[in-house]
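Each chain, letter by letter, is given below.
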Amino acid sequence: MPEVSGPLLGIDFGERRIGVAVLGESGLPPQGVTTLRNGEAGPDWEGFARVFKEWQPRAVVLGLPLNMDGSEGLMVRRVRNFAERLQRRFPLPMLWVDERLSSHSAEIMLKEQAFSSKKRAQLLDQAAACEILQTFQDLGGIQ
């Protein structure tokens, strides 16, 4: 069986915005790629098509927004529904990581880097996707 190569794509799903990051095989930390819109009309599928074409990921890592007690709430159902639609369009392995507080951690990291509040708002979803990938890697994700 041939070895699967390519980066991991990290996704931080939100009801208005979806942060996307990539984790390559070179040992570098995750990097933000883009923030795509989401809303009543659904996700920006054309934007996802561009990202998948450019990065050719081997798998997708999605953040699972569990409640603080570890239970699954409404947002988890929304993320799982999104993942099912994403996988139908882009048939890759969908991997999960607990993303409790990833946006909070991303916000702290952006503040520490002295970004303006406007720039932090622009980068927050991508930074949260980076946090998801970093957590996945720290937990020994796929190599």
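Here, the structure is the one placed above.
Residues numbered from 1 in each chain as written. Predicted model: local features only at pLDDT ≥ 70, side-chain atom pairs only at ≥ 80, totals over all residues. Heavy atoms only, no water.

S.K.: Would you mind going over the overall build of the protein with me for this structure?
M.R.: Counting its secondary structure elements, the protein contains 4 helices and 5 strands. Ordered by position in the sequence, the α and β elements of the protein form the string β-β-β-α-β-α-β-α-α. Taking all 143 residues of the protein together, 44% fall into the buried category. Intrachain contacts of the protein at a sequence separation of at least 6 include 64% that bridge at least 24 residues. Carbon and sulfur atoms form 51% of the exposed surface of the protein, whose accessible area is close to 8300 Å². (Helix = DSSP H or I, 4+ residues; strand = E, 2+ residues; numbered from the N terminus. Buried < 20%, exposed > 50% of the residue type's maximum accessible area, 1.4 Å probe, protein only. Contact = heavy atoms within 4.5 Å. Areas by Shrake-Rupley, 256 points an atom, 1.4 Å probe, with all protein chains shown as cover.)

S.K.: Sorry, what's going on with unusual backbone geometry here?
M.R.: Across residues other than glycine, the phi torsion is negative in most instances, and most of the peptide bonds are trans. One non-glycine residue, Gln56, adopts positive backbone phi at about 45°. Inspection of the secondary structure assignment puts Gln56 in the loop between helix 1 (45-55) and strand 4 (59-64).

S.K.: Got a minute to help me understand the sheet that holds strand 5 (residues 94-98) in this structure?
M.R.: Backbone hydrogen bonds hold the strands of a sheet together, and the pairing may be parallel or antiparallel. Within the open sheet, the 5 strands sit side by side as 3-2-1-4-5. Their pairing is mixed. Whereas interior strands pair on both sides, the edge strands pair on one side only; in this sheet they are strand 3 (31-37) and strand 5. On average, each strand axis in the sheet is inclined to that of its neighbour by 25°, with strand direction left out of account. By the bridge criterion, 6 bridges tie strand 2 (residues 17-23) to strand 3 in an arrangement that is antiparallel. The residue bridging Ile18 from the neighbouring strand is Leu36, located in strand 3. (Pairing = 2+ DSSP bridges. Axes fitted to C-alpha atoms, helices over the stretch in contact; angles between N-to-C directions.)

S.K.: Help me out: how do you make sense of helix 1 in this one?
M.R.: Along an α-helix, residues three or four positions apart point the same way, because every turn accommodates 3.6 residues. Those residues of helix 1 that fall on the buried side of the exposure criterion are Trp45, Gly47, Phe48, Val51 and Phe52. The arc that holds the buried residues of helix 1, viewed along the axis, is 155°, so those residues lie on one side. Facing away from the buried side of helix 1 by more than 90 degrees, the exposed set consists of Glu46, Arg50, Lys53 and Glu54. Next to the buried residues of helix 1 lie strand 1 (8-12), strand 2, strand 3, strand 4 and helix 2 (74-89). Positive backbone phi, approximately 45°, marks Gln56, located one or two places after helix 1. (Arc of directions from axis to C-beta.)

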